Amino acid sequence: MPVLSEVIAALDALWPPERAEQWDAVGTVCGDPDSPVSRVLFAVDPVQEVVDEAVRLGADLVVTHHPLYLRGTTTVSAATFKGRAVHTLIKHDIALHVAHTNADRADPGVSDALAGALDLRITGPLVPDPTDPAGRRGLGRICELDPPLPLAEFAGRAARRLPSTAQGIRVAGDPQRLIRTVAVCGGSGDSLFAEVRAAGVDAYVTADLRHHPASEAREQSPLALLDAAHWATEWPWCEQAAAQLDEISDRHDWGLRTHVSRIVTDPWTAHAASAD
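Residues numbered from 1 in each chain as written. Predicted model: local features only at pLDDT ≥ 70, side-chain atom pairs only at ≥ 80, totals over all residues. Heavy atoms only, no water.

Some thoughts on the packing of helix 2 (residues 48-57) against helix 3 (residues 81-91)
Here's step 1: Direction vectors running N to C along helix 2 and helix 3 enclose 10°, while the axes themselves pass 10 Å from each other. Between helix 2 and helix 3, the interaxial angle falls into the category roughly parallel. Only Phe81, Arg84, Ala85, Thr88 and Leu89 of helix 3 make contact with helix 2, whose side of the interface consists of Gln48, Val51, Asp52 and Val55.
Here's step 2: Taken together, the residues of the contact of helix 2 with helix 3 sort by class into five nonpolar, two polar and two charged. (Axes fitted to C-alpha atoms, helices over the stretch in contact; angles between N-to-C directions. Helix = DSSP H or I, 4+ residues; strand = E, 2+ residues; numbered from the N terminus. Parallel < 35°, antiparallel > 145°, perpendicular 65-115°, else oblique. Contact = heavy atoms within 4.5 Å. Nonpolar A, V, L, I, M, F, W, Y, C, P; charged D, E, K, R; others polar.)

Notes on the packing of aromatic side chains
Here's step 1: Per the counting criterion, the structure on display carries two aromatic pairs.
Here's step 2: Seen from their ring centres, Trp15 and Trp237 are 5.3 Å apart, and the 55° between their planes marks the pair as tilted. Taken together, the residues Trp15 in the loop between helix 1 (4-14) and strand 1 (27-30) and Trp237 in helix 9 (residues 230-252) connect sequence positions 222 residues apart.
Here's step 3: In this structure Trp237 comes out as buried when scored by relative accessible area, which is 0%.
Here's step 4: Aromatic pair Phe193 and Tyr204: ring centres 5.7 Å apart, planes at 70°, arrangement edge-to-face. Residue Phe193 is found in helix 7 (residues 193-199), and its partner Tyr204 is found in strand 9 (residues 203-207); the two are separated by eleven residues along the sequence. The pair formed by Phe193 and Tyr204 is uniform in burial state, with each residue classed as buried. (Phe/Tyr/Trp six-rings, centres within 6.5 Å; stacked < 30°, edge-to-face > 60°. Buried < 20%, exposed > 50% of the residue type's maximum accessible area, 1.4 Å probe, protein only.)

A word on helix 8 (residues 211-220)
Here's step 1: Turning to helix 8, its buried residues are Pro213, Ala214 and Ala217. What you see down the axis of helix 8 is that its buried residues fit within an arc of 95°, all on one side. Exposed side chains of helix 8 directed beyond 90 degrees from the buried face belong to His211, His212 and Glu219.
Here's step 2: Structurally, helix 8 contributes buried residues whose contacts are with helix 7 and strand 10 (224-228). (Arc of directions from axis to C-beta.)

Let's talk about the nonpolar core
Here's step 1: If you look at the biggest cluster of nonpolar residues, it comprises 52 residues, and the most contacted ones within it are Trp15, Phe42, Leu61, Leu120, Phe154, Val182 and Trp237.
Here's step 2: Apart from the residues lying within four places of it in its own chain, the contact partners of Trp237 are Trp15, Val63, Thr64, His65, Ala99, Ala103, Gly109, Val110 and Ala113.
Here's step 3: Grouped together as the second largest cluster of nonpolar side chains are 15 residues, Val62, Ala85, Ile94 and Leu96 included. (Core = buried A, V, L, I, M, F, W, Y, C linked by side-chain atoms within 4.5 Å.)

Examining unusual backbone geometry
Here's step 1: Residue Pro108 is bonded to the preceding Asp107 through a cis peptide linkage, with omega at 0°.
Here's step 2: Structurally, Pro108 can be placed in the loop between helix 4 (101-104) and helix 5 (110-117).
Here's step 3: Here the bond from Asp146 into Pro147 is cis, since omega is 5°, no more than 30 degrees from zero.
Here's step 4: Take Pro147: it is sitting in strand 6 (residues 138-150).
Here's step 5: Residue Asp93 is not a glycine yet carries a positive backbone phi of 55°.
Here's step 6: Structurally, Asp93 can be placed in the loop between helix 3 and strand 4 (95-98).
Here's step 7: Residue class for Asp93 comes out partly exposed when judged on its relative accessible area of 46%.
Here's step 8: Positioned with a positive phi, Asp253 is a non-glycine residue whose angle comes to about 60°.

Considering the sheet that holds strand 1
Adjacent strands of a sheet pair through backbone hydrogen bonds, lying either parallel or antiparallel.
Here's step 1: Read from one edge to the other, the open sheet built from five strands follows the order 1-4-3-2-11, with strand pairing classed as mixed. Edge positions in the sheet fall to strand 1 and strand 11 (257-260), since each of these pairs with one other strand and no more. Averaged over all pairs of adjacent strands, the angle between their axes in this sheet comes to 25°, without regard to strand direction.
Here's step 2: Note: strand 2 (residues 39-43) against strand 3 (residues 61-64), four bridges, orientation parallel. Within strand 3, the residue paired with Val40 across the bridge is Leu61. (Pairing = 2+ DSSP bridges.)

Observations concerning the side chain of Ser249
Here's step 1: Note on placement: Ser249 falls in helix 9.
Here's step 2: According to the relative accessible area criterion, Ser249 is buried, its value standing at 2%.
Here's step 3: In this structure the side chain of Ser249 is engaged in a polar contact, spanning 2.9 Å, whose partner is the backbone nitrogen of Leu256.
Here's step 4: Each residue touching Ser249, except ones within four places of it in the same chain, is listed here: Trp254, Gly255 and Leu256. (Polar contact = N/O pair within 3.5 Å; in protein donor to acceptor, adjacent residues only side chain to side chain.)

Description of the pattern of salt bridges
Here's step 1: Tallying each qualifying case throughout the model produces eleven salt bridges.
Here's step 2: Across the pair Asp129 and Arg137 runs a salt bridge, and its minimum N-O distance is 3.5 Å.
Here's step 3: Residue class for Asp129 comes out buried when judged on its relative accessible area of 10%.
Here's step 4: A salt bridge links Arg137 to Asp132; the shortest N-O distance between them is 3.8 Å.
Here's step 5: Among the residues examined, Asp132 registers a relative accessible area of 11% and is labelled buried.
Here's step 6: Taken together, the shared-partner salt bridges connect Asp129, Asp132 and Arg137 into one network. (Salt bridge = Lys/Arg side-chain N within 4 Å of Asp/Glu carboxyl O.)

Function cannot be read off these values alone, since they describe shape.
What follows is the structure, given as structure tokens:
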């Protein structure tokens, strides 16, 4: 059975912390490096419900995509919801490790998992990492849809393949337009519209699209937009990441048991359709 420091070293090899954005907060939040690890839970958000799930599973390590403390803190008091999560983790000897923008840029990374969930063929990164001579790492992915589908059918595929959320999939564009090429970016992606236009794709799948960037993107080109829930676009990475750790465990004969949380931690809980 490996100890935490060995598992973290393996995770850091998959998602090197130095490749995270400077503003990001990745790495190990809590945990004893010498504690044994036999069970690992992967999730998008380090919220109390996920922490409680880890306790029920008897997990020794939780790996999340989103940081618990992104902007720093002066307290881990259990009177705060983040402090309560930390107290629960430490009380049950559960470590917490975060792979955020370093997992976004990885090969494979968050957008690879999103493309895979949508059955898209990846042709390269949307924003290549200049430090990668192979040209495979970077933000987002450019993909091909084979065979091409009308936008309405492709949106239906996205709604079926991605985890169900209250938002579902918002769509902008001609529903009959044939979609052949697609850019994807797991998580918030409206900062990449310039790169998406430069790629010349037919559609863009991402999350958290705001009114003005989306409106301007639609005015500048016939680009179709598919806006899914942030959590839903990143959840497929959890399954991908668990499979990567499974492979490492098998190689080292660690005997780890990995789990993927299926708790919907998207903050939106209901959707009321507008009246006709």
